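Close look at the chain arrangement
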Amino acid sequence: MAVALDVRGVSLRFGGVRALTDVSFAVNDGELFSIIGPNGAGKTSIVNCISGRYRPTEGQLFYHGTDITGLNPNARPGLGIGRTFQNLALFHHMSVLDNIMVGRHHLLKNNFLTGSLYWLTGARKEELEHRRKVEEIIDFLDLQSVRKATAGTLPYGLRKRVELARAMALEPNLILLDEPMAGMNFEEKEDMARYIVDLNEEYGMTVMMIEHDMDVVMDISHRVMVLDFGRKIAEGDPAAVLADPHVKRAYLGEEDEALVDPDHAPIVAESAA
Ligand SMILES: Nc1ncnc2c1ncn2[C@@H]1O[C@H](COP(=O)(O)OP(=O)(O)OP(=O)(O)O)[C@@H](O)[C@H]1O
């Protein structure tokens, strides 16, 4: 299996704070790869290095062999890298449809000038094609009933789904999901987990996900990497990671009996025993 993303020896410092120390890992094409770790472990920092928001203090990142370490964040969509954010980043005053359309911005070929010759230059054909793609995503994520609703008026779980739709609209090969289930109830999480599996399996997107909900992570991920205090402490298939003593220690206090997640809720304790 070809390597999609290759992260080599990445360190990131903010003044005296070491957010990441010498982190290396690779995500293969077609994989559903998750990163877990206690609060402040460096998970979002890694996503921000991949998406170009942060530039690593040391190390390099390659995407399908291209060095993306110092590349402008705006160049990522053109390479096929999309992302969602931990805190929603939708245009709240715009409709669901328009929010998703924005995701296709970098795919628009017609510009201001050619667009003004709407019927002659193929701009109309192009717009129809974009609309067709957007409708396909709306169907896939079951957003038909809210397609014209103003994004900011929707319940939180639905807004997270619209954000996923917008990231999908970019047609990425690699999609970075930063806590896609945060703040969701059980049913919403189940739905979101199904969409993520489907976009990996049906759309063939490579998925890199940060998520606190261990049940979901262990259930749907092919491989899991664990960060603690900015360092990688484990990587492997879900069962191996759960059984890893370093992982147990990172999530356990010295005295705790059960494996707990960062919010101190019990997680699949039987698999960890
Ligand atoms: N912009 C920043 N300036 C200073 N310190 C930062 C910045 N971003 C992150 N950090 C620090 O880097 C460390 C890693 O933070 P990061 O947000 O990557 O962790 P995380 O694993 O995503 O945490 P959480 O699960 O709480 O979202 C923390 O100590 C954090 O305070």
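Residues numbered from 1 in each chain as written. Predicted model: local features only at pLDDT ≥ 70, side-chain atom pairs only at ≥ 80, totals over all residues.

Some details on unusual backbone geometry
We count it as follows: Only DSSP runs of H or I reaching four residues or more are called helices, and only runs of E reaching two or more are called strands; each is numbered from the N terminus. Burial is judged by counting the other C-beta atoms within 10 Å of a residue's own C-beta: 20 or more makes it buried, 12 or fewer makes it exposed, and any count in between marks it as partly exposed, with every C-beta position built from the backbone.
At Glu171, a residue that is not glycine, the phi angle is positive and equals roughly 55°. By secondary structure assignment, the location of Glu171 is in the loop between α6 (156-169) and β7 (174-178). You can call Glu171 partly exposed: it has 18 C-beta atoms within 10 Å. The backbone of Glu179 sits at a positive phi, close to 50°, despite the residue not being glycine. Take Glu179: it is sitting in the loop between β7 and α7 (186-201).

Here we look at the domain arrangement of the chain
Heads up, the rule is: Domain start and stop points were drawn from an automatic or database domain assignment. By definition, residue pairs are in contact when their C-beta atoms, positioned from the backbone, come within 7 Å. Residue polarity follows a fixed list, in which Ala, Val, Leu, Ile, Met, Phe, Trp, Tyr, Cys and Pro are nonpolar, Asp, Glu, Lys and Arg are charged, and the others, Gly among them, are polar.
Parsing the chain into structural domains produces domain 1 (3-80 + 172-272) and domain 2 (94-170). Contacts between domain 1 and domain 2 engage eleven residues on the former and nine residues on the latter. If you list the elements that add at least two residues to the side of domain 1 that touches domain 2, you get α2 (76-79) and α7. In the side of domain 1 that touches domain 2, the residues fall into eight nonpolar, two polar and one charged.

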